[in-house]
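Listed here are the chains, written in short residue letters.
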Amino acid sequence: MTKWSKRLITLTLLPALVLSIAACSSTDAGQTPAPEKGNSIERKEVAFTDISSTIRGNTAPSQAQIDEVNTTLNDTYLGDLFDQKIPNDYSAYPYSKDVTLDVWLPADPNIPDMNNHKVQKQIEKLTGIKVNFITPPVGQEADAFTLMISSGELPDIIINPERYPGGLEAGLNDGAYMDLTDLMETNAPNYSAWRNSDEMRRKTTVTDDGKLLGFYGIAPYSEWTWFGTLIKKEALEKTGLDVPATIEEWHTFLQKSKEVGYAEPLNYGSSYGQIFTGIINGAYGVWDWTFLDNNGKVAWGPAQPKAKEYLATMQQWNKEGLLNRDWATADFNQRMASAISDKTSVMMDSPDTMWSYWKQQNDIDFVGALNPVLNEGDKSATTYKNFMRTGRAAAITTQCKDVEAAMAWLDFNYSKKGWEIVNYGEYGTVHLIDENGKPYFPEDSYIYNDPDGQPVATTLLKYRMHSWPSIRDEHHSNPLIVAKGSYSGEIRKEWTENMDTSMAMPPITFTQEEASREAELGNQLATLRSEYFAKIIMGELPVDAYDKFLSEAQKMGLDEFLSLHQAALDRYNQR
């Protein structure tokens, strides 16, 4: 019985699986089997004819030109758009052997069958590596992952490997995931070059003790803030007020909104965590979760001094009917239905999402507002900061049948050609190349004119990969941002450039011993916070109940919880 399956059974209490596990192969704890000998990639010199003069700026490419771009590795027409050049080592392709890799990943509801995804079909042809995607039913991903691990039968690659209890390092120590540290430079030259081309990328893709356990989604830049407060333009016109800045101004604006007809002006919501996203609570320094205090130490937002002020404000706003009545239970669809109704004047959400629901589908214009501040002159702030880590991660399992093939398949996503295909899809039908060698979606692109009539919110996943172990070029390739007339990117950029993020926590990792305790304490504290905060805001508990909440949090182990995070932060800073 494998160590990882025993651990999962212990954690998940799945006795029915014991019999099936007994027949599984064994792997010694923490030991990664060496890649199969004689399986080394035969690397070849690759040279291309420069075709930039015929592709750049071409708005009506011939079929022969389309085929050359889509069916060859020639990338000579692509420009260098970022501070660091994207690598382009194609010496492993086409892969010399016939191999089919099994890849487990949670499916997007809009793309249930990844095996027919156009981007992956193209990558398969270019790399010569076939892939069989294993996708659990939507909504059953957690159970499916547990069942897979507990069975002792692992695929070659797992997308979202951090689902393993305790994370990637726990998966390594239990013998489920491979340590790729000594293999990366040789077998993943593009990933290695890209992650090492920037100190932030290097630091966020390596463990505290210097191990490389997977391929992470990493960006050319720190992506703009995704989330914030959005106001319907018509609400500003009807109220005659400017975009509010302070909490007091927000209160006035919401009251006025209600007076002019918006029955539930602020669309608030606990199921998506809007209570805790720092948008309103951040004005009081009551951040959602952990953050860096003025001394660079880890602190817990819900335990901050002005928490009672925040809760008193929200309780009052709720009592005055300024919030949507179903804020405690509304799911995404309910929130969007409310957003487009006459009830709502303000959403706390992503401008990309609201560009689709408000502007594209309902012709409702909107503006962004910086996160509220408590006092005039305070600096607006957010704990949402992108550390160039984005998209998804991938790990190779110890049962991988061809490690070099698995690494070569993943490594392609970090090459220049891989960047183009993953972010922009197929040349011709989905994207073209401008005069500077930058891919773009023309107005008649399948992204905006899907032959099946699907909206952009779906085509951005149907014709390209949005969240993947790859180089994500969010600012240029997110069709919701770059669509003609879209201003969602402008709002996100303004937020990013005008809000303080110095308190944002970097992506720390815990040791296996720390991880289970941190998860236990974190779950308890999150549940406690949700219950108390929601009941206080709804008026079911007085604001003074916060004192009992804080006392219970401390008895629950808040100090220990913070010490675990501080230790992880100290190690991160030493990487």
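A quick note: this is a predicted structure, and the numbers were derived from the prediction, not measured.

Cut-offs used in this document
Residues numbered from 1 in each chain as written. Predicted model: local features only at pLDDT ≥ 70, side-chain atom pairs only at ≥ 80, totals over all residues. Heavy atoms only, no water. Helix = DSSP H or I, 4+ residues; strand = E, 2+ residues; numbered from the N terminus. Expected span 1.5 Å × (residues − 1). Buried < 20%, exposed > 50% of the residue type's maximum accessible area, 1.4 Å probe, protein only. Arc of directions from axis to C-beta. Contact = heavy atoms within 4.5 Å. Axes fitted to C-alpha atoms, helices over the stretch in contact; angles between N-to-C directions. Parallel < 35°, antiparallel > 145°, perpendicular 65-115°, else oblique. Nonpolar A, V, L, I, M, F, W, Y, C, P; charged D, E, K, R; others polar. Pairing = 2+ DSSP bridges. Phe/Tyr/Trp six-rings, centres within 6.5 Å; stacked < 30°, edge-to-face > 60°. Lys NZ or Arg CZ within 6 Å of the ring centre and 35° of its normal. Patch = residues over 30% accessible without salt bridge, like charges linked within 9 Å, V, L, I, M, F, W, Y side chains within 5 Å. Areas by Shrake-Rupley, 256 points an atom, 1.4 Å probe, with all protein chains shown as cover. Salt bridge = Lys/Arg side-chain N within 4 Å of Asp/Glu carboxyl O. Lys, Arg positive; Asp, Glu negative; His and termini not counted. Charge placed at Lys NZ, Arg CZ, Asp CG, Glu CD. Core = buried A, V, L, I, M, F, W, Y, C linked by side-chain atoms within 4.5 Å. pLDDT = per-residue confidence, 0-100. Left-handed = near helix turned anticlockwise from the far one by under 90°. Right-handed = clockwise from strand over helix to strand, strands pointing away.

Description of helix H23 (residues 545–556)
So, point 1. End to end, H23 covers 16 Å across twelve residues, agreeing with the expected 16 Å (1.5 Å per residue, within 8%).
So, point 2. If you check which residues of H23 are buried, you get Ala 545, Tyr 546, Phe 549, Leu 550 and Ala 553. Taken around the axis of H23, the buried residues stretch over an arc of 145°, which confines them to a single face. Structural note: H23 exposes Lys 548 and Lys 555 on the side pointing more than 90 degrees away from its buried face.
So, point 3. On its buried face, H23 is in contact with strand E8 (298–300), helix H13 (307–319), helix H22 (512–538) and helix H24 (558–574).
So, point 4. Directly after H23, the chain includes Gly 557, whose backbone phi takes a positive value near 120°.

Observations regarding unusual backbone geometry
So, point 1. Residue Pro 94 follows Tyr 93 across a cis peptide bond; omega there is -5°.
So, point 2. With respect to the helices and strands, the residue Pro 94 is situated in the loop between helix H4 (63–71) and strand E1 (100–104).
So, point 3. One non-glycine residue, Asn 160, lies in positive phi territory at about 70°.
So, point 4. Position of Asn 160 among the secondary structure elements: in the loop between strand E3 (157–159) and helix H7 (167–173).

Examining the side chain of Asn 190
So, point 1. Looking at the element boundaries, Asn 190 is found in helix H9 (residues 189–195).
So, point 2. What makes Asn 190 buried here is its relative accessible area of 0%.
So, point 3. Non-local contacts of Asn 190, meaning those with residues more than four positions away in its chain, are made with Pro 87, Asn 88, Asp 89, Asp 411, Tyr 414 and Ser 415.

Quick word on the packing of H22 against H23
So, point 1. H23 packs onto H22 with a crossing angle of 175° between their chain directions and a minimal axis gap of 10 Å. Judged on the interaxial angle alone, H23 and H22 are roughly antiparallel. Contacts between H22 and H23 involve Leu 521, Gln 524, Leu 525, Leu 528, Arg 529, Tyr 532, Phe 533 and Ile 536 from the first element and Ala 545, Tyr 546, Lys 548, Phe 549, Glu 552, Ala 553 and Met 556 from the second.
So, point 2. Residue composition of the contact of H22 with H23, grouped by class: eleven nonpolar, one polar and three charged.

Things to note about the sheet that holds strand E11 (residues 389–396)
So, point 1. Spatially, the five strands line up as an open sheet ordered E2-E1-E3-E11-E4, and their pairing is mixed. Lying at the two open borders of the sheet, with one neighbouring strand each, are strand E2 (130–134) and strand E4 (215–218). Averaged over all neighbouring strand pairs, the angle between strand axes comes to 25°, with direction disregarded.
So, point 2. Sheet analysis places E4 next to E11, joined by three bridges and oriented antiparallel.

Quick look at the sheet that holds strand E5 (residues 228–232)
Strand pairing in a sheet takes place through backbone hydrogen bonds and is either antiparallel or parallel in direction.
So, point 1. Reading across from one edge, E6-E9-E5-E10 is the order of the four strands in this open sheet, with mixed pairing throughout. Edge positions in the sheet fall to strand E6 (266–267) and strand E10 (366–369), since each has one partner strand and no second.
So, point 2. Relative to E10, E5 is paired through four bridges, and the arrangement is antiparallel. If you follow Leu 230 over to E10, its bridge partner there is Gly 368.

Quick notes on the packing of aromatic side chains
So, point 1. Under the criterion given, the structure shown has 29 aromatic pairs.
So, point 2. On the basis of an interplanar angle of 40° and a centroid distance of 5.4 Å, the ring pair of Tyr 546 and Phe 549 is categorised as tilted. Pair noted here: Tyr 546 and Phe 549 are both in helix H23, with a separation of three residues, about one helical turn. In terms of burial, Tyr 546 and Phe 549 fall into one category: buried.
So, point 3. Among the aromatic residues, those joined into a cluster by ring pairs are Trp 289, Trp 300, Tyr 532, Phe 533, Tyr 546, Phe 549 and Phe 561.
So, point 4. For the cation-ring pair, Arg 201 lies above Trp 194, with the distance from its terminal atom to the ring centre recorded as 3.9 Å.
So, point 5. The cationic tip of Lys 233 hangs over the ring face of Tyr 487; the distance from NZ or CZ to the ring centre is 6.0 Å.

Brief notes about helix H5 (residues 118–127)
So, point 1. Among all positions of H5, only Val 119, Gln 120, Gln 122, Ile 123, Leu 126 and Thr 127 are buried. Viewed end-on, H5 has its buried residues packed into an arc of 155°, placing them on one side of the element.
So, point 2. Phi turns positive one or two residues past the end of H5, at Gly 128, with a value near 75°.

Structural notes on a negative patch on the surface
So, point 1. On the surface, a cluster of negative charge is contributed by Asp 242, Glu 248, Glu 249 and Glu 376.
So, point 2. For Glu 249, the position within the fold is in helix H12 (residues 247–259).
So, point 3. Of the residues examined, Glu 249 reaches a relative accessible area of 37% and is grouped as partly exposed.

A closer look at the environment of Pro 302
So, point 1. Its location among the elements puts Pro 302 in the loop between E8 and H13.
So, point 2. The spatial distance from the C-alpha of Pro 302 to the C-alpha of Asp 288 is 6.7 Å, given a sequence separation of 14 residues.
So, point 3. Beyond its immediate chain neighbours, meaning those up to four positions away, Pro 302 contacts Val 286, Trp 287, Asp 288, Trp 289, Ala 307, Arg 529, Phe 533, Tyr 546 and Phe 549.

Quick notes on the nonpolar core
So, point 1. Within the largest apolar cluster, 100 residues are counted, with the highest numbers of intra-cluster contacts made by Leu 101, Ile 157, Phe 215, Ile 396, Met 407 and Trp 409.
So, point 2. Among the elements that line this core, the one with the most residues is helix H16 (residues 403–411), at seven residues.
So, point 3. Residues Leu 292, Trp 300, Trp 327 and Leu 374 belong to the second largest nonpolar core, which totals 58 residues.

Digging into the confidence of the model for the protein chain
So, point 1. Confidence in the prediction for the protein chain averages 90 pLDDT; 91% of positions are at 70 or higher.
So, point 2. The model gives residues 12–39 a pLDDT under 50, and that stretch makes 46 contacts with residues more than four places away or in other chains.

Focus on the packing of H5 against helix H17 (residues 416–424)
So, point 1. For the pair H5 and H17, interaxial distance at closest approach is 9 Å and the crossing angle is 160°. Looking at the two axes, H5 sits roughly antiparallel to H17. At the point where H5 passes H17, the crossing takes the right-handed sense. Together, Val 119, Gln 122, Ile 123 and Leu 126 of H5 and Lys 417, Ile 421 and Val 422 of H17 make up the contact between the two elements.
So, point 2. Split by residue class, the contact of H5 with H17 holds five nonpolar, one polar and one charged.

As for the pairing of E1
So, point 1. In this structure, E1 lies alongside E2, joined through five bridges in parallel fashion. When the bridges of E2 are listed, Leu 101 appears paired with Val 131.
So, point 2. Regarding the hand of the β-α-β motif, the stretch spanning E1, H5 and E2 is right-handed.
So, point 3. Pairing between E1 and E3: two bridges, direction parallel. Within E3, the residue paired with Trp 104 across the bridge is Ile 158.

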